[in-house]
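# Inside the fold
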Amino acid sequence: MSYVLLVVGLILLVKGADFFVSGSSEIARYFRVPALVIGLTIVAFGTSAPEAAVSITAAIKGQNGIAVGNVLGSNLFNLLMVVGVCALIKPVNVDKGVIFKEYPFMILSGAALLALGADTFLGDSGSNLISRGDGIILLLFFCVFLFMTIRTALFSRSEIQEHEIKATAEEHQEDGKKPKKISLPKSILFAALGLGGVVGGGQLVVNSASDIALSFGISETLVGLTIVAIGTSLPELVTSIVAARKGESDIAIGNVVGSNLFNIFFVLAASAAIHPIAFSMESVIDSIILIGVSVLVYLFILARKSINRIEGGIMVALYAAYTAYIILR
């Protein structure tokens, strides 16, 4: 049954991502909102639902290690594997707004987490702790991110409207027919069904893969560090790959940047606000690694405003090295 559920989960992931990207793209066009904004918000928050469920539940139960490890592990997977694999399939072009606004904000999120969590290094405290106050500070950062994104959407609407009128006129002249558009209710239904498939498929893959691994005698700790951590990021991986293949690179990169911001500024922040979270030395090291690879990928992007296949391969190799490190650790 575990093998059957694994196959069903993978099918749900792939088809769900297909519907989700198509529906989200149509919603963006209907409201004349840039695809990048949809990627940074609806798609990013939707695909981060597994991380939110795991970390917030862990915080309520007082399982600090799971709450922090899930967020840091997912962010590293999103940045190195999701973007890396997308670049290997098709070079990823990065919007100017992401380069100068959202991506630096994502680097800031890792730095803010490290600054708030590493109390023994930066203060007189005898232990590292993300307190309720720290959680509220991170939530305030989340509010700033939402404000920036909504502001971008509002400023972009008029430009999109003008472009859309010109494009519609050209298409009408070419074939004499009005271009077909999916209705808003159908687009919302597609996006909702797709999100359900992505999240549900991800859960099936994680649970069934864990059962299969344990049946072969692999330890629960190793399963948690690999299958479960990667499994909660499968929605981001599949959704971004589908978006990249459809030429929706703004949704692909926006999904990753938005998910990483959402994971720290909302998921971890809400978890800390519910229950203060102990920040272990391993988490401090993982935060430093996250900041380091974020800066490295940023340098790749700045070089040519895109990520090519070679750079994608380097990112995937870095994630493989990190996985080997956490297994040995």
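Let me sum up the structure you'll find in this document.

What counts and how
Residues numbered from 1 in each chain as written. Predicted model: local features only at pLDDT ≥ 70, side-chain atom pairs only at ≥ 80, totals over all residues. Heavy atoms only, no water. Helix = DSSP H or I, 4+ residues; strand = E, 2+ residues; numbered from the N terminus. Buried < 20%, exposed > 50% of the residue type's maximum accessible area, 1.4 Å probe, protein only. Contact = heavy atoms within 4.5 Å. Axes fitted to C-alpha atoms, helices over the stretch in contact; angles between N-to-C directions. Parallel < 35°, antiparallel > 145°, perpendicular 65-115°, else oblique. Left-handed = near helix turned anticlockwise from the far one by under 90°. Nonpolar A, V, L, I, M, F, W, Y, C, P; charged D, E, K, R; others polar. Lys, Arg positive; Asp, Glu negative; His and termini not counted. Salt bridge = Lys/Arg side-chain N within 4 Å of Asp/Glu carboxyl O. Phe/Tyr/Trp six-rings, centres within 6.5 Å; stacked < 30°, edge-to-face > 60°. Core = buried A, V, L, I, M, F, W, Y, C linked by side-chain atoms within 4.5 Å.

### Digging into the overall build of the protein
- When its secondary structure is counted, the protein shows 13 helices and four strands.
- For the protein, with 329 residues in total, the buried portion stands at 48%.
- Counting contacts in the protein only where the partners sit at least 6 residues apart, residues at least 24 apart contribute 82% of the total.

### Quick word on the packing of helix α1 (residues 2–30) against helix α10 (residues 234–245)
- Interhelical geometry of α1 versus α10 gives an angle of 60° and a closest axis separation of 9 Å. By the angle class used here, α1 and α10 are oblique. Crossing angle aside, the handedness with which α1 passes α10 is right-handed. Where α1 approaches α10, its residues Leu-13, Val-14, Ala-17, Asp-18, Phe-20 and Val-21 are matched on the opposing element by Leu-234, Pro-235, Val-238, Thr-239, Val-242 and Ala-243.
- Residue classes in the contact of α1 with α10 are distributed as 10 nonpolar, one polar and one charged.

### Here we look at the side chain of Glu-26
- Here Glu-26 shows up in helix α1.
- Here Glu-26 is in contact with Ile-182 and Ser-187, once residues within four sequence places are set aside.

### Description of the side chain of Asp-134
- Within the fold, Asp-134 resides in helix α7 (residues 132–175).
- For the buried Asp-134, no salt bridge exists, and the shortest N-O distance to an oppositely charged side chain is 11 Å, to Arg-132.

### Quick notes on the packing of aromatic side chains
- By the definition in use, this model includes 13 aromatic pairs.
- With 6.4 Å between their ring centres and 45° between their planes, Tyr-322 and Tyr-325 make a pair best called tilted. With Tyr-322 and Tyr-325 both in helix α13 (residues 309–328) and three residues apart, this pair spans about one turn of that helix.

### Concerning the environment of Glu-236
- Looking at the element boundaries, Glu-236 is found in helix α10.
- We classify Glu-236 as buried; its relative accessible area is 0%.
- Along the primary structure Glu-236 and Ser-48 are separated by 188 residues, whereas in three dimensions their C-alpha atoms are 7.4 Å apart.
- Excluding anything up to four places from it in sequence, Glu-236 contacts Thr-47, Ser-48, Glu-51, Asn-78, Val-82, Asn-255 and Ser-259.

### A look at the nonpolar core
- Formed by 85 residues in total, the largest nonpolar core has its most connected members in Tyr-103, Val-257 and Val-297.
- Ranked by residues supplied to this core, first place goes to helix α4 (residues 64–89) with 14 residues.
- Not counting residues up to four positions away in its chain, the partners in contact with Val-297 are Leu-79, Leu-80, Tyr-103, Ile-307 and Met-315.

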